[in-house]
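Below, each chain spelled out in residue letters.
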Amino acid sequence: MASDPQNLQAGSAIQERLRTLRAEVAGVKSVLRLTAEPPALVAVTKTVTEAAIREALEAGHRVFGENRVQEAAAKWPSLREAYPDIELHLIGPLQTNKVKQALALFDVIETLDRPKLARALARERDTGAVLPRLFVQVNTGEEEQKAGVLPAEVEAFLALCREELGLSLEGLMCIPPMDEEPVPHFALLHEIARAHGLSGLSMGMSGDYETALEFGASHVRVGTAIFGPRGAA
Ligand SMILES: *Cc1c(COP(=O)(O)O)cnc(C)c1O
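Please read all numbers here as calculations on a predicted model, not as lab measurements.

Enquirer: Which parts of the structure should I look at to understand the site of the ligand?
Expert: Neighbouring residues of the ligand: Val 44, Lys 46, Asn 67, Ile 91, Ile 175, Met 205, Ser 206, Arg 221, Val 222, Gly 223, Thr 224 and Arg 230. A distance of 2.5 Å is found between an oxygen atom of the ligand and a side-chain nitrogen or oxygen belonging to Ser 206. Relative to its free-state accessible area of 390 Å², the ligand is covered by the protein chains to the extent of 90%. Counted by class, the shell around the ligand contains five nonpolar, four polar and three charged residues.

Enquirer: Got a minute to help me understand the confidence of the model for the protein chain in this structure?
Expert: Caution applies to low-pLDDT parts of the model: their predicted coordinates are not meant to be read in detail. Overall, the prediction assigns the protein chain a mean pLDDT of 94, with 94% of residues at 70 or greater. When the criterion is pLDDT under 50, residues 1-5 qualifies, and its contacts beyond four places in sequence or with other chains add up to two contacts.

Enquirer: Looking at this structure, I do not really get the packing of aromatic side chains. What am I missing?
Expert: Given two aromatic rings, one states the distance between the centres and the angle between the planes to describe the pair. Enumeration according to the criterion identifies one aromatic pair in this entry. Ring centres 4.9 Å apart and planes at 45 degrees place the aromatic pair Phe 64 and Trp 76 in the tilted group. Here Phe 64 is found in strand β2 (residues 63-66), whereas its partner Trp 76 is found in helix α3 (residues 69-82), with twelve residues between them in sequence. Among the residues examined, Phe 64 registers a relative accessible area of 0% and is labelled buried. On the accessibility criterion, Trp 76 (2% relative accessible area) is buried.

About the thresholds
- Residues numbered from 1 in each chain as written.
- Predicted model: local features only at pLDDT ≥ 70, side-chain atom pairs only at ≥ 80, totals over all residues.
- Heavy atoms only, no water.
- Near = heavy atom within 4 Å.
- Polar contact = N/O pair within 3.5 Å; in protein donor to acceptor, adjacent residues only side chain to side chain.
- Areas by Shrake-Rupley, 256 points an atom, 1.4 Å probe, with all protein chains shown as cover.
- Nonpolar A, V, L, I, M, F, W, Y, C, P; charged D, E, K, R; others polar.
- pLDDT = per-residue confidence, 0-100.
- Contact = heavy atoms within 4.5 Å.
- Phe/Tyr/Trp six-rings, centres within 6.5 Å; stacked < 30°, edge-to-face > 60°.
- Helix = DSSP H or I, 4+ residues; strand = E, 2+ residues; numbered from the N terminus.
- Buried < 20%, exposed > 50% of the residue type's maximum accessible area, 1.4 Å probe, protein only.

Okay, here's the thing in structure tokens:
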């Protein structure tokens, strides 16, 4: 690949931020963490160019998040060929007609959010598919426009997934309301996970990942703090 000085400079800024963040995330000690594993940094690459993603890969990073199946399908298969140990997380809504495609692309689906999707995943497993790791998205802010299981319905949904459908679940994920203090949402997600024996907690983005880590996050999903503002190109 040709490397003009401008790209090199942008690349090294990404690599610098990534190194700092990776060390920060991995070094966090929280008594609230529900797993012995150190927390993981999911580098969110929605709208991020392939060149910028390659900078992150060259810096040794392997865990990434995309929020659209189509966009992931356009970018990641070729990158995975070059870097087979990539771990790709789906962090946006999944329509049931895209389940097969999602299974081919993602190692983790963080947005299991309704019975119809749970049943579609179970059906794929029943016909031989190996399912990715699964997180249930919880709509902690009970926002009408936001995906996720309502807190009052989590218990029944987890029972459906685990007992009726035999799905193995790793954890919970939330996106707190934009205009609210995130702490009560992180605390609620932690409480629900603990009560149900789930160790994965995907919470915290560029603006609040430090707080999420204090509250026991196993995964923080960070985009702009690594790659810069989206849509600036
Ligand atoms: C875009 C996105 C992120 C990352 O957001 P930043 O503020 O850029 O860190 C995290 N989680 C989800 C679900 C997202 O869609």
